[in-house]
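The primary structure of each chain is shown beneath.
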Amino acid sequence: MKDVNKKDINIAVIGLGYVGLPLAIEFSNKYNVIGFDISSDRIEQLNRGVDKTNEISSAALNNSKNLKFTDNKRVLKKANIFIVTVPTPIDSNKTPDLNPILSSTRMIASIIKKNDIVIYESTVFPGCTEEVCAPELEKISKLKLNKDFFLGYSPERINPGDKTHTISSIVKVTSGSNKATAKFVDNLYKEIISAGTHCASSIKVAEAAKVIENTQRDLNIALVNELAIIFNTLDINTNEVLQAASTKWNFIPFKPGLVGGHCIGVDPYYLTHKAEQSGYKPEVILAGRRINDSMGKYCASIMIKKMINKDIKINKSKILIMGFTFKENCPDIRNTKVIDIINELQDFNIQTEVYDPWVDIAKAKKEYDISFIKKPKSKNYDGVILATPHDIFNQISDHDISTYAISKQFVFFDVKSVRDNKLSDIRL
């Protein structure tokens, strides 16, 4: 690739969600940036200084003078560096759904020019960038990789809702389709990442490094989830066991819970898909996935068991679900496992009311076909499940929660064991 003058760099960020928007903001402090999203509503909101993901403040949006938002792909022709930050979900069979990334790739291919660089940040299986995306770019653009255009891969490390570990404070892995491109991509990210970068030897290495980050975390959570199930059968408090074990310096303090969201509950399937394509059947990774995917139903089952033990009539009983997003203090409802609790309870003809001030109700209604209440009612529930411990919920006193109960035979389930009190009848 030929040398690119810093003044000539024009960046287009494709996809303005939890990953793309913060990245576009950071790069706009150094370069001219076009932020592109296929959602006209999203573009209209950002142009008004509104970020519904709550990742970027209105002040930061309004002060980004070098950043232009658009849903018009013709505007992208001004760019010479394209950074793809679209979602990479799984389908109903838990196999990779590459439609978003392929759609973005084809769009870029229709406008890419000689010497342009395409950098992918979306989580994929090892080999996807060069074996799936590159051929699409070549076929549509009629250009040749590493002769006419170049590829980079720098996996995102955004943690939604985390205001401490922001994009610039997390070491960034970088890579390129050849040595010159790898160096260019690494230097590009060094401009905005104060924590520094790590230039991987190949795109495949960078892809693999990303996908195992969340696979490792998934397996660790699966272990403590299985331990919680075991300790529950033995009538042992899991939280107390973990506190005791954590006194050893090398014990890793993971906690049991629901594993949802777009990363931990999804990324391992990208790795296992590629492994199976290569002729290897993963055992440990898929076992961990099965445990974590079953925790919603398990939570519902132990809630029902406790209600029966308290002589609460199950049929047409009413339970308040506090929290629906996949994690606390974040509006993200993608792949939330709280829905599994709700569905299982409803299968037993239990009525559920869902309360979550963080949720975009219209969006959740459309995606999951459930309704939300604006405020819990007093003396209205046989039980409460604190599924997502938002700070706003943790500020509610034990007394106020107890006023939700129809009778003294009330069950309170603190799924993530965040409340240090005697109110909790069940904890994982």
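For the structure itself, consult the block above.
Here's a quick rundown of the structure. In this text, all values refer to a predicted model and were calculated from it rather than measured experimentally. (Residues numbered from 1 in each chain as written. Predicted model: local features only at pLDDT ≥ 70, side-chain atom pairs only at ≥ 80, totals over all residues. Heavy atoms only, no water.)

Here's the deal with the nonpolar core
Soluble, globular proteins show a tendency: their nonpolar side chains are buried together. As a reminder of what qualifies: Working definition of a nonpolar core: buried Ala, Val, Leu, Ile, Met, Phe, Trp, Tyr and Cys residues. They are joined through side-chain atoms within 4.5 Å. Note on classification: 1.4 Å probe, protein chains only; a residue is buried when its accessible area is under 20% of the maximum for its type, exposed when over 50%, partly exposed between these limits. Put simply, DSSP marks the helices as runs of H or I at least four residues long and the strands as runs of E at least two long, and each gets a number from the N terminus on.
Ranked by size, the top nonpolar core spans 38 residues in total, and within it L76, F82, I101, V118 and Y120 carry the most contacts. No other element matches the five residues that helix α4 (residues 99-109) contributes to this core. Counting residues in hydrophobic clusters, the runner-up holds 34 residues, among them I304, A364, Y368 and I370.

Points about the pattern of salt bridges
What counts is decided by this rule: Definition used for salt bridges: Asp or Glu carboxyl oxygen within 4 Å of a side-chain nitrogen of Lys or Arg.
Taken as a whole, this structure holds 25 salt bridges when the rule is applied. Notably, a salt bridge pairs E276 with K281, separated by 3.3 Å at the nearest N-O pair. For D425, the salt bridge is made with K310, and the minimal N-O distance between the two is 2.9 Å. On the criterion of sequence distance, the pair formed by D425 in the loop between β12 (411-414) and β13 (426-427) and K310 in the loop between α11 (295-309) and β9 (318-322) is long-range, its members being 115 residues apart. Judged by relative accessible area, D425 falls into the partly exposed class, the value being 29%. Look at the salt bridges and you will find they share partners, linking K94, D218, R289, D293 and K337 into a network.

Re empty space enclosed by the protein
The test is simple: Within this scheme a cavity is a closed region of a 1 Å grid, computed over the protein atoms alone, that accommodates a 1.4 Å probe without allowing it to escape, whereas a pocket is open but has protein on both sides within 12 Å along at least five of seven lines; lining residues each have an atom within 4 Å of a point. Grid points are joined across faces, edges and corners, and a volume is the space filled by probe spheres set on the points. All residues other than Ala, Val, Leu, Ile, Met, Phe, Trp, Tyr, Cys, Pro, Asp, Glu, Lys and Arg, Gly among them, are scored as polar; the first ten of these are nonpolar and the last four charged.
Counted under the stated rule, the structure contains three cavities of 30 Å³ or more. In this structure, the largest cavity encloses a volume near 80 Å³. L258, T325, F326, A387 and T388 are, among the 14 residues lining the largest cavity, the residues nearest its centre. In the lining of the largest cavity, the residues fall into six nonpolar, four polar and four charged. Put simply, the second largest cavity is a space of about 60 Å³. Forming the walls of the second largest cavity are E121, E156, R157, I158, I167, I170, V171 and K172.

Topic: the packing of aromatic side chains
The criterion, for reference: The pairing test for Phe, Tyr and Trp rings, Trp by its six-membered ring, is centres within 6.5 Å, and the orientation test on the planes gives stacked under 30 degrees, edge-to-face over 60, and tilted for anything in between. Charge-over-ring placement is defined geometrically: NZ (Lys) or CZ (Arg) within 6 Å of the ring centre, and within 35 degrees of the ring normal.
Throughout the structure, instances matching the rule amount to seven aromatic pairs. Seen in terms of ring centroids, F27 and Y31 are 6.2 Å apart; in terms of plane orientation they differ by 50 degrees. Their pairing is tilted. When sorted by exposure, F27 lands in the same class as Y31, which is buried. Plain terms: the ring middles of F324 and F372 are 5.4 Å apart, the flat faces sit at 85 degrees to each other, and that makes the pair edge-to-face. With F324 in the loop between β9 and α12 (338-347) and F372 in the loop between α13 (361-368) and β11 (383-386), this residue pair connects regions lying 48 residues apart in the sequence. Through successive ring pairs, a cluster of aromatic residues spans F27, Y31 and Y189. Positioned above the aromatic ring of W249 is the side chain of K248, whose terminal nitrogen or guanidinium carbon lies 5.3 Å from the ring centre.

Quick look at the sheet that holds β12
Rules: Pairing between two strands is assigned when DSSP locates at least 2 bridges connecting them. Two residues qualify as a contact provided that any one of their heavy atoms is within 4.5 Å of a heavy atom in the partner residue. Each axis is a line fitted through C-alpha atoms, and for a helix only the stretch in contact is used; angles between axes span 0 to 180 degrees, taken between their N-to-C directions.
The parallel open sheet is built from five strands, whose spatial order is β10-β9-β11-β12-β13. The sheet terminates laterally at β10 (351-355) and β13, the two strands that pair on one side only. Taken together, the four bridges between β9 and β11 define a ladder with parallel strand orientation. For L320, the partnering residue across the bridge sits in β11 and is V384. Its contacts with the sheet put α12 on β9, β10 and β11, and the angle it makes with β9 is roughly 175 degrees.

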